Amino acid sequence: MTQKVAVLGTGKIGEALLSGMIRGGWTPEDLLVTTRRPERAEELRARHGVTPVSNAEAVKAADTLILTVKPQDMGHLVDELAPHLAAHHLIISGAAGIPTSFFEDRLAAGTPVVRVMTNTPALVDEAMSVISAGSHATAAHLAHAEAIFGAVGKTLRVPESQQDACTALSGSGPAYFFYLVEAMTDAGILLGLPRDKAHDLIVQSAIGAATMLRDSGEHPVRLRENVTSPAGTTINAIRELENHGVRAALIAALEAARDRSRELASGTKD
Ligand SMILES: NC(=O)C1=CN([C@@H]2O[C@H](COP(=O)(O)OP(=O)(O)OC[C@H]3O[C@@H](n4cnc5c(N)ncnc54)[C@H](OP(=O)(O)O)[C@@H]3O)[C@@H](O)[C@H]2O)C=CC1
Ligand SMILES: O=C(O)[C@@H]1CCC=N1
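Because the structure is predicted, anything quoted here is derived from the model rather than measured. (Residues numbered from 1 in each chain as written. Chains lettered and ligands numbered in written order. Predicted model: local features only at pLDDT ≥ 70, side-chain atom pairs only at ≥ 80, totals over all residues. Heavy atoms only, no water.)

1. Thoughts on the overall build of the protein chain
Consideration 1: Within the protein chain, the secondary structure is distributed over 12 helices and 8 strands.
Consideration 2: Principal-axis analysis of the C-alpha atoms places the extent of the protein chain at approximately 70 × 40 × 35 Å.
Consideration 3: In the protein chain, 64% of the contacts between residues at least 6 apart in sequence involve partners at least 24 apart.
Consideration 4: Surface accessibility of the protein chain: about 14900 Å² in total, with carbon and sulfur atoms responsible for 59%.
Consideration 5: Mean positive and mean negative side-chain charge positions of the protein chain (25 and 31 charges, respectively) differ by 2 Å. (Helix = DSSP H or I, 4+ residues; strand = E, 2+ residues; numbered from the N terminus. Contact = heavy atoms within 4.5 Å. Areas by Shrake-Rupley, 256 points an atom, 1.4 Å probe, with all protein chains shown as cover. Lys, Arg positive; Asp, Glu negative; His and termini not counted. Charge placed at Lys NZ, Arg CZ, Asp CG, Glu CD.)

2. Focus: the sheet that holds strand β3 (residues 51-52)
Consideration 1: Strand order in the open sheet formed by 8 strands is β3-β2-β1-β4-β5-β6-β7-β8, and the pairing between neighbours is mixed. The open sheet has two free edges, formed respectively by β3 and β8 (153-157), since each of these has just one partner strand.
Consideration 2: In this sheet, β3 lies alongside strand β2 (residues 31-34) in parallel orientation, the contact comprising 2 bridges. Paired with Leu 32 across the two strands is Thr 51, which belongs to β3.
Consideration 3: Seen against the sheet, helix α1 (residues 12-23) touches β1 (5-8), β2 and β4 (64-67) and runs at an angle of roughly 170° to β2. (Pairing = 2+ DSSP bridges. Axes fitted to C-alpha atoms, helices over the stretch in contact; angles between N-to-C directions.)

3. Quick notes on the packing of helix α8 (residues 173-190) against helix α9 (residues 195-215)
Consideration 1: One can describe the packing of α8 onto α9 by two numbers: an axis separation of 9 Å at closest approach and a directional angle of 135°. Taken as axis vectors, α8 and α9 run oblique relative to one another. When you trace α8 past α9, the crossing you get is right-handed. Residue-level inspection shows Val 181, Met 184, Thr 185, Asp 186, Gly 188 and Ile 189 of α8 in contact with α9, the latter providing Arg 195, Ala 198, His 199, Ile 202 and Val 203. (Parallel < 35°, antiparallel > 145°, perpendicular 65-115°, else oblique. Left-handed = near helix turned anticlockwise from the far one by under 90°.)

4. A look at the nonpolar core
Nonpolar side chains tend to gather and get buried jointly when the protein is soluble and globular.
Consideration 1: Membership of the largest hydrophobic core comes to 24 residues, with the highest contact counts inside it found for Leu 17, Leu 18, Ile 66, Ile 92, Val 114, Ile 148 and Phe 149.
Consideration 2: Of all the secondary structure elements, the ones that give two or more residues to this core are β1, α1, β2, β5 (90-93), β6 (113-117), β7 (127-133) and α6 (139-150).
Consideration 3: For Phe 149, the contacting residues outside a window of four places in its chain are Leu 17, Ile 66, Ile 92, Val 116, Thr 118, Ser 129 and Thr 155.
Consideration 4: Val 59, Ile 91, Ala 95 and Val 113 belong to the second-largest nonpolar core, a separate cluster that totals 21 residues. (Core = buried A, V, L, I, M, F, W, Y, C linked by side-chain atoms within 4.5 Å. Buried < 20%, exposed > 50% of the residue type's maximum accessible area, 1.4 Å probe, protein only.)

5. Description of the UniProt feature "domain: Pyrroline-5-carboxylate reductase dimerisation" (unreviewed entry) in the protein chain
Consideration 1: Here the UniProt feature "domain: Pyrroline-5-carboxylate reductase dimerisation" (unreviewed entry) sits at residues 160-264.
Consideration 2: The span residues 160-264 shows a helical share of 80% and a strand share of 0%, and its end C-alpha atoms are spaced 15 Å apart. (UniProt positions renumbered as here; feature names shortened; annotations may be inferred.)

6. Quick word on the site of ligand 2
Consideration 1: Ala 96, Gly 171 and Ser 172 make up every residue found near ligand 2.
Consideration 2: Within the complex, the protein chains bury 45% of what would otherwise be the 240 Å² of accessible surface of ligand 2. (Near = heavy atom within 4 Å.)

7. Looking at the packing of aromatic side chains
Consideration 1: If you walk through the whole model with that rule in mind, you get 1 aromatic pair.
Consideration 2: Above the face of the Phe 102 ring, Arg 106 is positioned so that its terminal group lies 3.7 Å from the ring centre. (Phe/Tyr/Trp six-rings, centres within 6.5 Å; stacked < 30°, edge-to-face > 60°. Lys NZ or Arg CZ within 6 Å of the ring centre and 35° of its normal.)

8. Thoughts on the site of ligand 1
Consideration 1: Surveying the vicinity of ligand 1 reveals 20 residues, the closest of which are Lys 12, Ile 13, Arg 36, Arg 37 and Val 69.
Consideration 2: Between ligand 1 and Lys 12 there is a distance of 2.9 Å, counted from an oxygen atom to a backbone nitrogen or oxygen.
Consideration 3: Between ligand 1 and Asn 55 there is a distance of 3.0 Å, counted from a nitrogen atom to a side-chain nitrogen or oxygen.
Consideration 4: Only α1 and α4 (71-81) provide two or more residues apiece to the shell around ligand 1.
Consideration 5: Residue composition of the shell around ligand 1, by class: 6 nonpolar, 9 polar and 5 charged. (Polar contact = N/O pair within 3.5 Å; in protein donor to acceptor, adjacent residues only side chain to side chain. Nonpolar A, V, L, I, M, F, W, Y, C, P; charged D, E, K, R; others polar.)

Quick look at the structure:
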């Protein structure tokens, strides 16, 4: 088995992973990338010193193939790879929705497949990556996937049946926080603050709150209660959040994301 790892379809998430692997000690010589557009390939070579190759060349040179194309492009990519694959290859899919059986049904019997859902904080080594084994993936394959995704943040093994839910929570999760910051910054504008100051206040509050959630060991309810003084300001805001159904909206939003992940399972749903 070579040390080489290929990232096939190196777009936003593929590049986030790639850059983290390099920060984590992988040498660019051990990393191959594939892209659809030649200009994208050159961009990756210039930024990271990695070698862009064709999908077929990637299969020849690397044992571990990380597939980070969109779910809708996965069928086409797998058809292209199938004739070149051999027994030593490990397939790691980073796509939303696509089950490991999608690959197992299209590739030679016994092909090991690991499914991973990571997220964009991989760019700052704070990703949350959830990892599930396909039918033929061994403990060593899972450990290998953990070593790769562990370079960009935390990893958690989950049964594959929980992957769509995890995609809704942590895969898409950063977007919800960015959306909240955007909305709260607008509120700051309404309250008369300059945009840059409103942004800084909210971002630092988010960092502080996230650090407390991670490090204090306290339940989120307790942390919120500690901010909420009797007859104070916070409870007025909380009442408005409840009046506007924000909690119900979040539950419905994540359920919709989970449903879309399920819908993408066939790899053909636009
Ligand atoms: N963005 C996110 O936050 C997350 C995304 N994901 C998953 O990661 C995957 C990629 O998402 P994202 O990075 O956002 O999307 P991008 O569109 O940025 O990346 C996909 C890349 O794949 C390339 N590509 C498509 N087909 C081929 C092919 N046959 N051979 C080589 N390259 C190909 C595309 O090239 P071109 O640009 O030329 O079209 C594109 O650069 C998806 O499956 C998504 O579900 C998972 C977790 C989080
Ligand atoms: O929106 C998406 O489909 C991808 C998967 C999880 C985050 N982004």
